[in-house]
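# Residue-level structure breakdown
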Amino acid sequence: MHRVKTGIPGMDEILHGGIPERNVVLLSGGPGTGKSIFCQQFLFKGIEEYDEPGILIALEEHPVQIRINMEQFGWDVRKHEKEGKFAIVDAFTSGIGSAAKREKYIVRDPNDEMELIDVMKEAIEEIGAKRVGIDSVTTLYLNKPMMARKTVFLLKKVLAGLGCTALFVSQISVGERGFGGPGVEHAVDGIIKLDLDEIDGELKRSLIVWKMRGTSHSMRRHPFEITNKGIIVHSDKVLKM
Ligand SMILES: Nc1ncnc2c1ncn2[C@@H]1O[C@H](COP(=O)(O)OP(=O)(O)OP(=O)(O)O)[C@@H](O)[C@H]1O
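Residues numbered from 1 in each chain as written. Predicted model: local features only at pLDDT ≥ 70, side-chain atom pairs only at ≥ 80, totals over all residues.

## Concerning helix H2 (residues 35-50)
What counts, and what does not: Where helices and strands are cited, they refer to DSSP runs of H or I of at least four residues and of E of at least two residues respectively, numbered from the N terminus. How far a helix is expected to stretch is found by multiplying one less than its residue total by 1.5 Å. Counting other C-beta atoms within 10 Å of its own, a residue is labelled buried from 20 upward, exposed at 12 or fewer, and partly exposed in the gap between, with every C-beta atom placed from the backbone.
Taking 1.5 Å of rise per residue, the 16 residues of H2 would be expected to cover 22 Å, and the 21 Å separating its terminal C-alpha atoms lies within 8% of that figure. Counted residue by residue, H2 has 12 buried out of 16 residues, so it is predominantly covered. By the burial criterion, the buried members of H2 are Lys35, Ser36, Phe38, Cys39, Gln40, Gln41, Phe42, Leu43, Phe44, Lys45, Gly46 and Ile47. Two residues or fewer past H2, aspartate 51 is found with a positive phi of approximately 55°.

## Some remarks on the site of the ligand
What counts is decided by this rule: Placing a C-beta atom from the backbone of each residue, we mark the residue near a molecule or strand if the atom is within 6 Å of it. Basically, the charged four are Asp, Glu, Lys and Arg, the nonpolar ten are Ala, Val, Leu, Ile, Met, Phe, Trp, Tyr, Cys and Pro, and anything else, Gly included, counts as polar.
Around the ligand, the structure places 13 residues, and the nearest of them are Pro31, Gly32, Lys35, Ser36 and Ile226. Contributions of two or more residues to the shell around the ligand are made by H2 and strand S11 (222-227). For the shell around the ligand, the leading source of residues is H2, giving 3 residues. Looking at the shell around the ligand residue by residue, the class counts come to 3 nonpolar, 9 polar and 1 charged.

## As for helix H8 (residues 148-161)
What sets the pattern is the α-helix's 3.6 residues per turn: residues three or four places apart point alike. Operational definition: What the arc covers is the set of directions going from the helix axis to the C-beta atoms. C-beta atoms are first placed from the backbone for all residues, and any pair lying within 7 Å is then listed as a contact.
When the terminal C-alpha atoms of H8 are compared, their 20 Å separation across 14 residues agrees well with the 20 Å that a helix rising 1.5 Å per residue should span. Considered for burial, the residues of H8 that qualify are Ala148, Val152, Leu155 and Leu159. Along the long axis of H8, the arc covered by the buried residues comes to 65°, so they all point the same way. Turned more than 90 degrees away from the buried face of H8 sit Lys157 and Gly161, all of them exposed. Elements that come into contact with the buried residues of H8 comprise strand S3 (24-29), strand S7 (131-135), helix H7 (138-141), strand S8 (165-171) and helix H9 (182-187). At the exit of H8 stands glycine 163, carrying a positive phi of roughly 75°.

## Here we look at the sheet that holds strand S12 (residues 230-233)
Selection rule: Two strands are said to pair when DSSP picks up at least two bridges between them.
Taking strand neighbours across the sheet as the criterion, the 10 strands line up as S6-S5-S4-S7-S8-S3-S9-S10-S11-S12 in an open arrangement whose pairing is mixed. Of all strands in the sheet, those with a lone pairing partner are strand S6 (105-106) and S12, marking the two edges. Sheet analysis places strand S5 (residues 86-90) next to S6, joined by 2 bridges and oriented parallel. Bridge pairing in S6 places valine 89 opposite tyrosine 105.

## Side note on the UniProt feature "binding site: ATP" (unreviewed entry) in the protein chain
For clarity, the cut-off: UniProt positions are given in the numbering used here, feature names are shortened, and annotations may be inferred rather than shown by experiment.
Here the UniProt feature "binding site: ATP" (unreviewed entry) sits at Gly29, Gly30, Pro31, Gly32, Thr33, Gly34, Lys35 and Ser36. Assignment of secondary structure puts glycine 32 in the loop between S3 and H2. Since 13 C-beta atoms lie within 10 Å of it, glycine 32 is described here as partly exposed. Here serine 36 shows up in helix H2. With near-sequence residues (within four places) excluded, serine 36 lies in contact with Asp135 and Val169.

## Quick notes on the UniProt feature "domain: KaiC" (unreviewed entry) in the protein chain
The positions that UniProt labels "domain: KaiC" (unreviewed entry) are, in the present scheme, residues 2-241. Within the segment residues 2-241, helix and strand shares are 33% and 27% respectively, and the terminal C-alpha atoms sit 34 Å apart.

Put into structure tokens, the structure is as follows:
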């Protein structure tokens, strides 16, 4: 079985080699836990280290801001956009504003699932994307929780058909148990939970792989750091809560 390397130091060790190809993985966590950075690093390292093109579906942040954020970690995505190895699908601006007019892939109504899928497919096919990040999938069903399972299954079907491996960012509240609702949790192939906990007056970051179809994986909670080069996971360390 082919595995997709995350390219995030320490993470592939925890996943016993990487994410099984075509898995859809829920990247779940509270505010500020590092979900967006994890997702961006997965896509960027995919291009730089494994020559696997990727696309990011932006639902929560302006594409211009995403490029700025990524550049802060030294990830020059504009270069890869020009080379046709990376694309941002703008499902944030609805095409409003002068900056949005310069975006190539625009979803005017993110509530329209078919429009989102059409634009996503177009971008994947043009770029030859092997990796997809959706940030966040929660945005798609925030106002219609009954639709969460259906939406996730639909996306999963499309992405698997195109041979992509995907990270779906799932936003949960501080202290919430669970990863984004039962419909979603059972539908996805994997769940990686990112946490931020106050211990002795200090916020500590950690992550745990809750499930990953098609592979064994570490069952431990590992501390990680966000540095100016991105996320580093300490696969040799365990955080006891
Ligand atoms: N250069 C950096 N060095 C260290 N830590 C950083 C750096 N840039 C951002 N961070 C940390 O990353 C956090 C933001 O991470 P990220 O945007 O990935 O969170 P998120 O889980 O997507 O949050 P939300 O759901 O609120 O959008 C910041 O709150 C900050 O603690």
